[in-house]
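Analysis of the macromolecular model
So the chains spell out like this:
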Amino acid sequence: MIVAHELVKEFRIPERGPGLAGSVSTLFTRRHRIVRAVDEVSFEIPAGSRTAYIGANGAGKSTTIKMLTGIMTPTSGYCRVRGIEPYRDRQRNARSIGVVFGQRSQLWWDLSVPDSFRILRRIYDIPAPVYDRNLALYRELLDIDALGTTPVRQLSLGQRMRAEIAASLLHDPAVVFWDEPTIGLDMVLKEAVRELVLRAHHDLGTTVVLTSHDIADIAAICDSALVVDRGRVVHQGTIQDLLRTADRRSVLFDHREPLAAEAVCALVEAQLPGVRAVPADGGRVQVDYPAEEFTSRQVLAFLLDRFDLVDCYAPEPDLEDVLRQIYGRSTATAPAEVSGA
Ligand SMILES: Nc1ncnc2c1ncn2[C@@H]1O[C@H](COP(=O)(O)OP(=O)(O)O)[C@@H](O)[C@H]1O
Ligand SMILES: [Mg+2]
């Protein structure tokens, strides 16, 4: 339902020589370099999924979302949202999507939040029961009335984000694109925002595409992940699939004496090269092993053979660690430069 096919976005950036002479000369020589922010990205996001669009800073997430919402036109390739190419038919696309850009307001700067909502109500032709139901929800969860009649430009970041989030859902869109929607929000409001979007998903089947620096947002809201690195898709699947790509796994265990935890650790590390063992809380031992070299079965068999295990469990890999591992693999964070001059 959301499709990107070999989607490319390049930006031309004027190249300057040093100093004033340099900036004057760019007028004449028109030297520029081309930065490929999105590099032949292809993906399909099924209707009704809650997808985290994940990538390091500068990976091309916002640029892709701008194309999906019709704000930017691709350099080549295409994307479609519910059969519409957004940049060709921006109006029609807008009816079925809700958008939040944390870095860039979607609201009218000089209007108050209630006035903005009244305009949105008319633009989207929102039926009274839908409008009333949603407003009641925003009163309950986002304390939207507290924003009063202050113009948007005078709101704090957190206040503005509450209004942006509410505005993006007001017309019951089929798809929401939320790019960094929780910046400036405290824990209580983050929880409220998560609940809002999960309710929309549950009650209306809303498709959610989310970028966030907050891993907890992703874990709470999303079931799927699309990971981009330097403009390219490097992983697509469920969050569970993503966790399975962890290159290090852990086992925690309790054992009966005689050996103290420190001695157990030394023994494990000596016998299993590449494995790290550290004492954990309550006399337990935590063993971290490279998933490429050992299976959990091998590690467990070793532990059972050597020690008198009382209890043991394998915690799920940490999403943050897995992402750090993916970003760490890329040699540079800057996008590919395609050509000079
Ligand atoms: N309007 C623009 N003009 C020039 N370069 C841009 C523009 N927008 C984004 N870029 C560049 O494209 C790359 C990807 O940016 P962006 O899509 O914002 O990444 P992300 O949202 O993943 O952090 C970055 O190197 C950024 O500097
Ligand atoms: Mg961004």
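Everything discussed here concerns the structure shown above.
Notes on the structure in this doc start here. (Residues numbered from 1 in each chain as written. Chains lettered and ligands numbered in written order. Predicted model: local features only at pLDDT ≥ 70, side-chain atom pairs only at ≥ 80, totals over all residues. Heavy atoms only, no water.)

**A word on the overall build of the protein**
The criterion, for reference: Put simply, DSSP H or I for four residues or longer makes a helix, DSSP E for two residues or longer makes a strand, and each gets a number counted from the N terminus. Accessible area is worked out with a 1.4 Å probe on protein chains only. A residue is then buried under 20% of its type maximum, exposed over 50%, and partly exposed in between. The criterion used for residue contact is that any of the two residues' heavy atoms lie within 4.5 Å. Each accessible area is a Shrake-Rupley result for a 1.4 Å probe, and residues are judged covered by the shown protein chains and nothing else. Note that His is not counted, nor are the chain ends; the positive residues are Lys and Arg, and the negative ones are Asp and Glu. Taken as the charge centre is NZ of Lys, CZ of Arg, CG of Asp or CD of Glu, depending on the residue.
The secondary structure content of the protein amounts to twelve helices and 14 strands. With respect to the three principal axes, the spread of C-alpha positions in the protein is 75 × 60 × 40 Å. The 341 residues of the protein split such that 47% are buried. At a minimum sequence separation of 6, the contacts of the protein that also span at least 24 residues come to 70%. Looking at the protein as shown, the accessible area adds up to about 17200 Å², and 50% of this sits on carbon and sulfur atoms. In the protein, which carries 40 positive and 45 negative side-chain charges, the distance between the mean positions of the two groups comes to 9 Å.

**Some details on the sheet that holds strand E7 (residues 207-211)**
The condition that has to hold: Here, strands pair whenever DSSP counts at least two bridges between them. Comment: axis = line fitted to C-alpha atoms, over the contacting stretch for helices; angle = value between 0 and 180 degrees taken between N-to-C directions.
Read across the sheet, six strands follow the order E5-E6-E7-E3-E8-E9 without closing on themselves; strand pairing throughout is mixed. Only two strands of the sheet have a single partner each, and these edge strands are strand E5 (97-101) and strand E9 (232-238). Here the strands of the sheet are splayed against their neighbours by 15 degrees on average, with no regard to which way each runs. Sitting on the sheet, helix H7 (residues 187-204) is in contact with strand E3 (50-54), strand E6 (175-179) and E7, with an inclination near 160 degrees to E6.

**Remarks on the sheet that holds strand E13 (residues 309-313)**
Reading across from one edge, E11-E12-E10-E13 is the order of the four strands in this open sheet, with antiparallel pairing throughout. The open sheet has two free edges, formed respectively by strand E11 (276-279) and E13, since each of these has just one partner strand. The sheet shows a mean angle of 25 degrees between the axes of neighbouring strands, taken without regard to direction. Relative to strand E10 (residues 248-255), helix H11 (residues 296-306) is tilted by about 20 degrees, and along the sheet it contacts E10, strand E12 (285-290) and E13.

**Looking at the packing of aromatic side chains**
Filter applied, for reference: Note on aromatic pairs: the rings of Phe, Tyr and Trp (six-membered ring only in Trp) are paired at centre separations within 6.5 Å, and the planes decide the class, stacked below 30 degrees, edge-to-face beyond 60, tilted for the rest. Charges are assigned to positions over rings by a cutoff of 6 Å between ring centre and Lys NZ or Arg CZ, combined with an angular limit of 35 degrees from the ring normal.
Throughout the structure, instances matching the rule amount to two aromatic pairs. With a centroid separation of 6.1 Å and an interplanar angle of 15 degrees, the aromatic rings of Phe253 and Phe307 are classed as stacked. One end of the pair, Phe253, is in strand E10; the other, Phe307, is in the loop between H11 and E13, with 54 residues separating them in the sequence. Exposure class is identical for Phe253 and Phe307. Each is buried. Against the face of Phe101 rests Arg104, its NZ or CZ located 6.0 Å from the ring centre.

**Considerations on the packing of helix H5 (residues 128-142) against helix H6 (residues 157-169)**
The condition is simple: Roughly parallel means an angle under 35 degrees; roughly antiparallel means over 145; roughly perpendicular covers 65 to 115; every other angle is labelled oblique. Handedness of a helix crossing follows the sense of rotation of the near helix relative to the far helix, less than a right angle counterclockwise being left-handed and clockwise being right-handed.
Orientation of H5 relative to H6, taken along the N-to-C sense of each, is 155 degrees, at an axis distance of 11 Å. Here H6 runs roughly antiparallel to H5, going by the angle between their axes. Like other packed secondary-structure pairs, H5 and H6 cross with a definite hand, here right-handed. For the pair formed by H5 and H6, the contact residues are Asn134, Tyr138 and Leu142 on the first element and Arg162, Ile165, Ala166 and Leu169 on the second.

**Brief notes about the side chain of His235**
Relative to the helices and strands, His235 is located in strand E9. A residue is classified by how much of its surface remains accessible, and His235, at 13% relative accessible area, is buried.

**Thoughts on H6**
Formally: Given the number of residues in a helix, its expected span is that number minus one, multiplied by 1.5 Å.
When the terminal C-alpha atoms of H6 are compared, their 19 Å separation across 13 residues agrees well with the 18 Å that a helix rising 1.5 Å per residue should span. Of all 13 residues in H6, eleven are buried; the element is thus mostly enclosed. When H6 is considered as a whole, its buried residues turn out to be Gly158, Arg160, Met161, Arg162, Ala163, Glu164, Ile165, Ala166, Ala167, Ser168 and Leu169.

**Notes on the site of ligand 1**
What counts is decided by this rule: Throughout, the term near means that a residue has one or more heavy atoms lying within 4 Å of the molecule or strand in question. Pairing of N or O atoms within 3.5 Å defines a polar contact, subject to two protein rules: one partner must be a possible hydrogen donor and the other a possible acceptor, and residues neighboring in sequence count only if both atoms are side-chain atoms. For this scheme, ten residues count as nonpolar: Ala, Val, Leu, Ile, Met, Phe, Trp, Tyr, Cys and Pro. Four count as charged, namely Asp, Glu, Lys and Arg, and the remainder, Gly too, count as polar.
In the vicinity of ligand 1 lie eleven residues, with Gly58, Gly60, Lys61, Ser62 and Thr63 positioned nearest. A distance of 3.1 Å separates an oxygen atom of ligand 1 from a polar atom in the backbone of Ala59. Within the side chain of Ser62, an N or O atom sits 2.9 Å from an oxygen atom of ligand 1. Taken by itself ligand 1 offers 560 Å² of open surface, and the protein chains cover 66% of this. Considering every element that reaches the shell around ligand 1, the biggest residue donor is helix H2 (residues 61-68), with three residues. Its residues assigned to classes, the shell around ligand 1 shows five nonpolar, five polar and one charged.

**Looking at the nonpolar core**
Formally: Here, the term nonpolar core denotes a set of buried Ala, Val, Leu, Ile, Met, Phe, Trp, Tyr and Cys residues that are joined through side-chain atoms within 4.5 Å.
Membership of the largest hydrophobic core comes to 51 residues, with the highest contact counts inside it found for Phe117, Tyr138, Leu142, Ile165, Trp178 and Leu242. In terms of residue count, H5 provides more of this core than any other element does, seven residues in total. Setting aside chain neighbours within four positions, we find Leu242 in contact with Ile54, Ala225, Val227, His235, Leu319, Val322, Leu323 and Ile326. The next biggest cluster of nonpolar side chains, apart from the first, holds 25 residues, and it includes Ala4, Met67, Phe101 and Val175.

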